[in-house]
Number of protein chains: 2
Amino acid sequence: MQPENAHQARVLTSLRRDGPQAAVELAAQLSLSRSKIGQELARLEEMGFVERAGKAESRGGRRSGLVQLSGRLRFVGVDIGATSLDVGVIDGRLDIVAQTSEVIDIEAGPEPILGRAVEMIGKLRAGGHLPRLDGIGVGVPGPVSFRDGYTVSPPIMPGWDRFPVREHVMQQFDCPVLVDNDVNLMAVGEMYSGLAQSVADFLFVKIGTGIGCGIITGHRVLRGSNGSAGDIGHIALHDTGPVCRCGRTGCLEACFSGAALSRDATALARGGESPGLRDLLVGRQVLTAEDVGVAMRAGDPQALGLVRDGGRRLGRVLSGLVNFCNPAMIVVGGGVSKLGHVLLAEVRSELYRRSTPLATSSLPIVLSELGDNAGILGAAAMISDHVLGVSPES
Amino acid sequence: MQPENAHQARVLTSLRRDGPQAAVELAAQLSLSRSKIGQELARLEEMGFVERAGKAESRGGRRSGLVQLSGRLRFVGVDIGATSLDVGVIDGRLDIVAQTSEVIDIEAGPEPILGRAVEMIGKLRAGGHLPRLDGIGVGVPGPVSFRDGYTVSPPIMPGWDRFPVREHVMQQFDCPVLVDNDVNLMAVGEMYSGLAQSVADFLFVKIGTGIGCGIITGHRVLRGSNGSAGDIGHIALHDTGPVCRCGRTGCLEACFSGAALSRDATALARGGESPGLRDLLVGRQVLTAEDVGVAMRAGDPQALGLVRDGGRRLGRVLSGLVNFCNPAMIVVGGGVSKLGHVLLAEVRSELYRRSTPLATSSLPIVLSELGDNAGILGAAAMISDHVLGVSPES
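What you see is a predicted model; the values in this text were computed from it and never measured. (Residues numbered from 1 in each chain as written. Chains lettered and ligands numbered in written order. Predicted model: local features only at pLDDT ≥ 70, side-chain atom pairs only at ≥ 80, totals over all residues. Heavy atoms only, no water.)

(A) Region of interest: the pairing of strand β11 (residues 202-207) of chain A. Residue and element names in this part refer to chain A. Along β11, 5 of the 6 residues are buried, which leaves the element largely enclosed by surrounding structure. By the bridge criterion, 6 bridges tie β11 to strand β12 (residues 211-217) in an arrangement that is antiparallel. Paired with Phe-202 across the two strands is Ile-216, which belongs to β12. Judged from the 5 bridges that link them, β11 and strand β14 (residues 329-333) form a sheet pairing that is parallel. Bridge assignment links Lys-206 to a residue of β14, and that residue is Gly-333. (Buried < 20%, exposed > 50% of the residue type's maximum accessible area, 1.4 Å probe, protein only. Helix = DSSP H or I, 4+ residues; strand = E, 2+ residues; numbered from the N terminus. Pairing = 2+ DSSP bridges.)

Printed below as a string of structure tokens:
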């Protein structure tokens, strides 16, 4: 169920932004008559979107009824990663009320993976966490045609190309469903619940196996003309350099990413150049980005060098993007961001060196504090905006 | 004068987007009662925003009155360049009804230049082109704090830093005034009147003495957090390379721009490497980008080489930006774009080579057809949107 007209949507936008309010305040704010606002509130109450709250002291001494978003509203966020599946339930205020997680392999294909997600939602319902279900947001690790609700040419998702994710999930639950790229949704999560709550324009950079970026401008996700905006992993750093999984050479993520760190650290360990990394490789085939962090913190200079070089490369690409879109903040997340402040210091240094002073005069570059929750929060917040007709700009 | 409420703004948005309409259609479209729409239309007519048009055949055979935007609405666009000052008058449909141009030197400072603009507007009024004046949009060649209506740290505008351009013009004319960066406004002009009318997301790249970019996402200008978005001239191409006027090395516009072409062509002519360019230099101190075009078209290989190298460099930077923001079109304008299709062919080739296939699968890269009118059109359209309360998204 969704609001029936623009007035109702504006009422819900106002209630989510400003909390409980008196009907007379809402009427004044939206230039509607008292009888009209009464009528719209009655419909919204019937549909279960709003409820009566306590009484507020009115100016004339009379007491008028407050209305607020219904405490029973429930939205589900599904965050499908390459190797993990996270499902969370949030209420109308975007607070997480329940969540669950499983290990998956995205290459199993859409029907098995979405089947798992459906089961997980079923269990949350059985556990009493879904007294109702107002909508489901789904994030996937590839480019998405947002309008159509499916992935388009996703490089790491065999079998998912144009699979009707939205239709499939809607058929199971008969509620509104939206699908978006996972990094876009992590950015939405940061906008509503993370460090970027105070800003209208920011970049969320996810460093995992690959590198991606969610772009928020004027409180909205910039998706681009066919859903591939934010694909910064294949921006050219060098004309030569390592061959990327996309087939070109010198792409950012071929030079710096979880996969590139794993490759470079393993080579250093095998070549015997780094005793610290060599010791970590004993009995294993490859090192991971996490191992690089362990060796770096233990004082291994080669591991430290990998992180610093990586930070400079990422900073170089970001410096151009900062000149281009002049964000108010950069939030860095994803597994590899756990390399932490050593990485961030190099990114900052390169940014301040290469971007224009006006664009960096007040540009915080911070580590995400939401961790794995950013994706489910963003997915659920996106469908909540859609269902309530809420305009994200406040 | 501006619309008094959201209903009136929505009426004006609808009339500009869809042309003349019957009051009953507007009522249905905006979910307002017939009496309410009648009341709002009467107010809009009193304020001079709308007028009665012909009659439309209604379905039941009765004839109902059409309303349309007033034919007397007039908006002024002022486009302040480094060496030229253009002033144009447009009507409510964004058609140019009069325009005038003068040669200036931006370094004369804000009061003399704005004084000239005020005189030019006065002459257009004396000539009968301004039966009324509903608003003025002003474009300036530097970063702008859009909210404050002044330029911020403009590199080529001595004396203009934080000069209150908007206040100054408002005091002269007592009408709404907005100020924006000139390249942003050229992009707005392309959105309303140029080749980009059909797309929601595009880049407008201006190649003049320097290089700048106007970014339109979802039919809106992306200005960034402090008005410097689109400043692509200082994106790093190389770690070494020519020193830029910004003090860093290897910036795009130090490698390719009107100024860089002039520098490189003059050096080639003096060094005797290009007979074509050498002949053009006879009796002069320096060559211009235009001279490079003349020599290129006459078959000079060195001149052709400069244009091709430049196109590749621009293409290299744009390839990263295309991956980042996934536009539906790139429009290239500004004086140096007159180098035309040789330049564009190199840009395209580099873009298709370096950007991801999804981002370039349908990406027209075209030359602007608006020429010098893009700036005044965009400036006037911006203030028209603001005054009418029109939402640019259709």
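(B) Just helix α12 (residues 341-354) of chain B, in detail. All names here are of chain B. The end-to-end C-alpha distance of α12, which contains 14 residues, comes to 20 Å, matching closely the 20 Å that a straight helix rising 1.5 Å per residue would cover. Regarding α12, the residues found buried are Leu-343, Leu-344, Glu-346, Val-347, Glu-350, Leu-351 and Arg-354. Projected onto a plane normal to the axis of α12, the buried residues spread over an arc of 160 degrees and lie on a single side. Structurally, α12 contributes buried residues whose contacts are with β11 (202-207), α11 (301-325), β14 (330-333), α13 (357-360) and β15 (365-367). (Expected span 1.5 Å × (residues − 1). Arc of directions from axis to C-beta. Contact = heavy atoms within 4.5 Å.)

(C) Highlighting the packing of aromatic side chains. Here the structure, examined in full by the defined rule, presents 1 aromatic pair over all chains. Between the aromatic rings of Phe324(A) and Phe324(B), the centroid separation amounts to 6.0 Å while the plane-to-plane angle is 80 degrees, which identifies the pairing as edge-to-face. Here Phe324(A), found in helix α11 (residues 301-325), pairs with Phe324(B), found in helix α11, and the two come from separate chains. Accessibility assignment for this pair places Phe324(A) and Phe324(B) in one class, buried. When the ring centre of Phe146(A) is taken as origin, the NZ or CZ atom of Arg223(A), which lies over that ring, is 3.5 Å away. (Phe/Tyr/Trp six-rings, centres within 6.5 Å; stacked < 30°, edge-to-face > 60°. Lys NZ or Arg CZ within 6 Å of the ring centre and 35° of its normal.)

(D) Broad picture of the pattern of salt bridges. For the structure shown, the criterion picks out 40 salt bridges over all chains. Here Asp291(A) makes a salt bridge to Arg284(A), at a shortest N to O gap of 2.7 Å. Residue classification places Asp291(A) among the buried residues on the basis of a relative accessible area of 9%. As a salt-bridge pair, Arg353(B) and Glu350(B) come within 3.2 Å of each other at their nearest N and O atoms. A residue pair is termed a helical-turn pair when its members lie 3 or 4 positions apart in one helix, as Arg353(B) and Glu350(B) do in helix α12 at 3 residues. Accessibility expressed as a relative area gives 5% for Glu350(B), which makes it buried. (Salt bridge = Lys/Arg side-chain N within 4 Å of Asp/Glu carboxyl O.)

(E) Molecular detail of the sheet that holds strand β6 (residues 96-103) of chain B. All names here are of chain B. Read across the open sheet, the 5 strands follow the order β6-β5-β4-β7-β10; overall the sheet is mixed. Edge strands, defined here as strands with exactly one partner in the open sheet, are β6 and β10 (177-181). Taking the axes of each pair of neighbouring strands and ignoring which way they run, one obtains an average angle of 15 degrees across the sheet. In this sheet, strand β5 (residues 84-90) lies alongside strand β4 (residues 75-80) in antiparallel orientation, the contact comprising 6 bridges. The residue bridging Gly-77 from the neighbouring strand is Gly-88, located in β5. Where helix α5 (residues 165-173) meets the sheet, its contacts fall on β7 (135-140) and β10, and the angle it forms with β10 comes to roughly 145 degrees. Across the sheet, helix α6 (residues 182-193) lies against β4, β7 and β10, angled at about 105 degrees from β10, the strand it touches most. (Axes fitted to C-alpha atoms, helices over the stretch in contact; angles between N-to-C directions.)

(F) Molecular detail of the relation of the copies chain A and chain B. Overlaying chain A on chain B yields an RMSD of 0.0 Å, the required transformation being a rotation through 180 degrees with an accompanying axial translation of 0.0 Å. When the rotation and shift are considered jointly, the pair of chain copies conforms to a two-fold rotation axis. Taking C-alpha positions as the reference, the residue of chain A nearest the rotation axis is Leu321(A), at 3.7 Å. Most of the interface of chain A is mirrored in chain B: 98% of its interface residues are interface residues there too. (Least-squares fit on C-alpha atoms with pLDDT ≥ 70 in both.)

(G) Focus on the UniProt feature "domain: HTH marR-type" (unreviewed entry) in chain A. According to UniProt, the positions carrying the feature "domain: HTH marR-type" (unreviewed entry) are residues 6-53 of chain A. Strand forms 12% of residues 6-53 of chain A and helix 69%; the C-alpha atoms that close the span are 23 Å apart. (UniProt positions renumbered as here; feature names shortened; annotations may be inferred.)

(H) Geometry of the interface of chain A and chain B. Contact with chain A, which involves 50 residues of that partner, is made by 49 residues of chain B. Carbon and sulfur atoms make up 50% of the area that chain A and chain B hide from each other, which totals about 3800 Å². Taken as a group, Phe324(A), Arg354(A) and Leu358(A) account for 21% of the area that chain A buries against chain B, more than any other trio of residues on that side. Put simply, chain A and chain B have 2 salt bridges between them. Note that Asp239(A) and Arg316(B) form a salt bridge whose closest N and O atoms lie 2.8 Å from each other. Looking at the side of chain A that touches chain B, the element that brings in the most residues is α11(A), giving 6 residues. Within the side of chain A that touches chain B, the residues separate by chemical class into 21 nonpolar, 19 polar and 10 charged. (Buried area = accessible area lost by both parts, 1.4 Å probe. Nonpolar A, V, L, I, M, F, W, Y, C, P; charged D, E, K, R; others polar.)

(I) A look at the environment of Ala22(B). Residues and elements named next belong to chain B. On the secondary structure map, Ala-22 appears in strand β1 (residues 21-22). Judged by its relative accessible area of 3%, Ala-22 falls in the buried class. As a C-alpha pair, Ala-22 and Val-67 span 45 residues in sequence and 6.1 Å in three-dimensional space.

(J) Structural context of the side chain of Asp79(A). Residues and elements named next belong to chain A. Secondary-structure assignment places Asp-79 in strand β4 (residues 75-80). Put simply, Asp-79 is tucked away with no salt bridge, and the nearest opposite charge, on Lys-206, sits 6.7 Å away. Sequence-distant contacts of Asp-79, defined by excluding residues within four places in its chain, comprise Ser-84, Leu-85, Asp-86, Gly-139, Asp-182, Gly-375 and Ile-376. (Lys, Arg positive; Asp, Glu negative; His and termini not counted.)

(K) Representation of helix α3 (residues 34-46) of chain B in the model. All names here are of chain B. Across its 13 residues, α3 extends 18 Å between first and last C-alpha, which sits within 8% of the 18 Å expected from 1.5 Å per residue. Every buried residue of α3 is listed here: Ile-37, Glu-40, Leu-41 and Leu-44. Viewed along the axis of α3, the buried residues span an arc of 100 degrees, placing them on a single side of the element. Opposite its buried face, α3 presents the exposed residues Ser-35 and Glu-46, each directed more than 90 degrees away. The first or second residue beyond α3 is Gly-48, which carries a positive phi of 85 degrees.

(L) Quick peek at the domain arrangement of chain A. Each assigned domain of chain A is listed here: domain 1 (6-69), domain 2 (75-192 + 373-388) and domain 3 (196-367). For domain 1 of chain A versus domain 3 of chain A, the distance between C-alpha centres works out to 47 Å. (Domains from an automatic or database assignment.)

(M) Quick look at the side chain of His7(A). Residue placement: His7(A) occurs in helix α1 (residues 6-18). His7(A) gets classed as buried once you look at its relative accessible area, which sits at 4%. For His7(A), the residues in contact, after removing those within four places along its chain, are Leu30(A), Leu32(A), Lys36(A), Glu40(A), His7(B) and Ser31(B).

(N) Inspection of the sheet that holds strand β7 (residues 135-140) of chain A at higher detail. Residues and elements named next belong to chain A. Pairing within the open sheet is mixed, and its 5 strands lie in the order β6-β5-β4-β7-β10. Taken across any chain shown, the strands that pair with only one partner, and hence form the sheet edges, are β6 (96-103) and β10 (177-181). Between one strand axis and the next, the sheet turns through 15 degrees on average, direction left out of account. Relative to β7, β4 runs parallel, the two sharing 5 bridges. Following the sheet pairing, Val-78 is matched in β7 by Val-138. On the sheet, helix α6 (residues 182-193) packs against β4, β7 and β10 and is oriented at approximately 105 degrees with respect to β10. Helix α14 (residues 373-388) rests against β4, β5 (84-90), β6, β7 and β10 of the sheet, and its axis sits at about 135 degrees to β4.

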